[in-house]
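# Overview (structure and organization)
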Amino acid sequence: MSDIDQTMEASSLKPKKDSFSHWKGNKYPQVKLRGFYSDIASVDNVEKTGIIDQVPDVIHSHAWEVHKEKHVPLVHENINPIDPEKFSQLLKNQIHGATTEIIKITDFTLEGYLPKCFIPFYTAPGSLPRKVQIDRLKRLYLSMDISELLAKKNLQPDKLMPVHRPADEVILLNKIGQDPAPFPSFLPLHYFDNEDYEIWTAVEWLNKGRDNNVIKPLPGRALLPDVPSNLYNDPKDPKLVYQWFDVGVIDYDEKKKCWLVQKLSEDERVLDQNGKPIVNKGLKEKNSRIQLSNQYWVPRIQLQFLAEDPRVFANRVEAAFNERKKTEAYLRYQFYIDSMPNDGVLDLDQMSFRRMLNWTENPGLKTLPEKNKEDSVISLEKEINVDFKRTINKITFDKIITSHLDAFKFVSIPPSDEKPTPSKG
């Protein structure tokens, strides 16, 4: 190699001051030695690194030692393999820490949690798979609480379940900023249940609990009282307090249209009086059943399956509540008219009555004897007069309500069902 080549090679090994020593007016930071074991193997590097005495402690693995007989752990207690109860109790008392094993015992099937999904079984590549959508819906439904959804709609359990009220109870009407007609409900809520919200039939619901020819309960939440079923005689008892409980759905009665549910135990099990899981609808020999104190027969409006959308069920309860409120307001309206006196109200004109009688006289009156015919006409005239006076009172009542709306806010006039007469046809 020539002197020129040696000079060029040496100059290329030197750092360039403009590139490394200065960067926008600042000095390039000094790079310290790493201090790996390979870097400090020699004595000369000790002064440069200064960390040779700071070697971290290393914990060696002793897993290989279990293969040797002298390192096998000793058994301090003689466990009889024939005694499974004692052995299972020892295993139950052992604490191993966190684990991914499913150790929770459940009496429900996985099918009882799966919601209804409107996605085909075979989807196109790139589209959402059916199993993924089902799992997402299941997680979403389980994250919602029906009691909280109904509370947002101002539908607490005490408003859903009617109770007996004292006859001398005072109700303040036309409160400012509140419901002008705060009348307590007196009709059961299930009378107004709309079954169009139902996604499966009763048989299909029960089949979701079928597992190897055994019908298991279904998970759900039900509106139940806080007393045992053997003390649950009158559902309108004002002493009862209703709450939403986690239940297992056992059976369905087609005639009563009620579901048999049972409150879950502390470990979320559905057990009979002997502590065994309830299967096959809890029926014994000859289709007999012993109803336990924590079992109740409830209508569908008081039962929410965990496999259905809680938001849809909340809308179902709200629709039934509004329909009941509307019906009760209509009944009170009719009661107001029936309570109006008929004294002083004009009777139906005799000429009009005779004219209507001739128009509507049926063959049955013509065949009657003359005496019986007169009695029937008199009875019919009284009935028509009563209905005529009631109609006059209704017209008068509606006129008063519409002219004093502020004073009669608590009265709801039902919409007229009269249809306009067509001009042609």
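Note that the structure is predicted; figures quoted are calculated from it, not measured.

### Let's talk about the packing of aromatic side chains
Considering all chains together, one arrives at 10 aromatic pairs under this definition. Between W259 and F305, the ring centres sit 5.3 Å apart and the planes meet at 80°, which makes this aromatic pair edge-to-face. Placement of the pair is W259 in strand β7 (residues 258-263) and F305 in strand β9 (residues 303-305), with a sequence separation of 46 residues. For the residue pair W259 and F305, the accessibility class agrees, reading buried in each case. When the centroid spacing of 6.2 Å and the interplanar angle of 50° are considered together, the rings of Y336 and F397 count as tilted. Here the residue Y336 occupies a position in helix α9 (residues 310-338), and F397 occupies one in helix α12 (residues 370-403), the gap between them amounting to 61 residues. On the basis of relative accessible area, Y336 is assigned to the partly exposed category, the value being 22%. Taking the ring centre of F121 as reference, the NZ or CZ of R130 above it sits at 4.1 Å. Over the ring of F245 we find K263, and its NZ or CZ is 4.1 Å from the ring centre.

### Describing empty space enclosed by the protein
Scanning the entire structure with this criterion turns up one cavity of 30 Å³ or more. As a volume, the largest cavity reaches approximately 30 Å³. Considering the residues around the largest cavity, the lining is formed by A329, R332, Y333, Y336, F410, V411 and S412. In terms of residue class, the lining of the largest cavity is built from five nonpolar, one polar and one charged.

### Examining the sheet that holds strand β5 (residues 218-225)
In spatial order, the strands read β8-β7-β6-β5-β9; together these five strands make up an open sheet with antiparallel pairing. Because the sheet does not close on itself, it has two edges, and the strands there are β8 (295-299) and β9. Sheet twist, expressed as the average angle between the axes of neighbouring strands with direction ignored, equals 45°.

### Topic: a nonpolar patch on the surface
A grouping of F186, Y330 and L331 is seen on the molecular surface, where their side chains present a nonpolar patch of about 270 Å² in accessible area. Among the secondary structure elements, Y330 is positioned in helix α9.

### Some thoughts on the layout of surface pockets
Considering only enclosed or pocket space, the largest pocket measures out at about 630 Å³ in volume. What lines the largest pocket is a set of 27 residues, and nearest its centre among them are D158, K159, P184, S185 and F321. Elements supplying a minimum of two residues to the lining of the largest pocket: α7 (157-160) and α9. No other element matches α9, which puts seven residues into the lining of the largest pocket. Taken together, the residues of the lining of the largest pocket break down into 13 nonpolar, three polar and 11 charged. When residues of the lining of the largest pocket are assigned to domains, at least three fall in each of domain 1 (143-308) and domain 2 (315-359 + 377-407). Here the second largest pocket defines a volume of roughly 510 Å³. Forming the boundary of the second largest pocket are 21 residues, of which K104, Y113, L142, E268 and L306 lie nearest the centre. Within the residue set of the lining of the second largest pocket, elements represented by two or more residues are α5 (130-142), β5 and β6 (242-253). Broken down by element, the lining of the second largest pocket gets its largest block of residues, three residues, from β5. Taken together, the residues that form the lining of the second largest pocket break down as 12 nonpolar, four polar and five charged.

Rules behind the numbers
- Residues numbered from 1 in each chain as written.
- Predicted model: local features only at pLDDT ≥ 70, side-chain atom pairs only at ≥ 80, totals over all residues.
- Heavy atoms only, no water.
- Phe/Tyr/Trp six-rings, centres within 6.5 Å; stacked < 30°, edge-to-face > 60°.
- Helix = DSSP H or I, 4+ residues; strand = E, 2+ residues; numbered from the N terminus.
- Buried < 20%, exposed > 50% of the residue type's maximum accessible area, 1.4 Å probe, protein only.
- Lys NZ or Arg CZ within 6 Å of the ring centre and 35° of its normal.
- 1 Å grid on protein atoms, 1.4 Å probe; cavity = no way out; pocket = protein on both sides within 12 Å on 5 of 7 lines; lining within 4 Å.
- Points joined across faces, edges and corners; volume = space filled by probe spheres on them.
- Nonpolar A, V, L, I, M, F, W, Y, C, P; charged D, E, K, R; others polar.
- Pairing = 2+ DSSP bridges.
- Axes fitted to C-alpha atoms, helices over the stretch in contact; angles between N-to-C directions.
- Patch = residues over 30% accessible without salt bridge, like charges linked within 9 Å, V, L, I, M, F, W, Y side chains within 5 Å.
- Areas by Shrake-Rupley, 256 points an atom, 1.4 Å probe, with all protein chains shown as cover.
- Salt bridge = Lys/Arg side-chain N within 4 Å of Asp/Glu carboxyl O.
- Domains from an automatic or database assignment.

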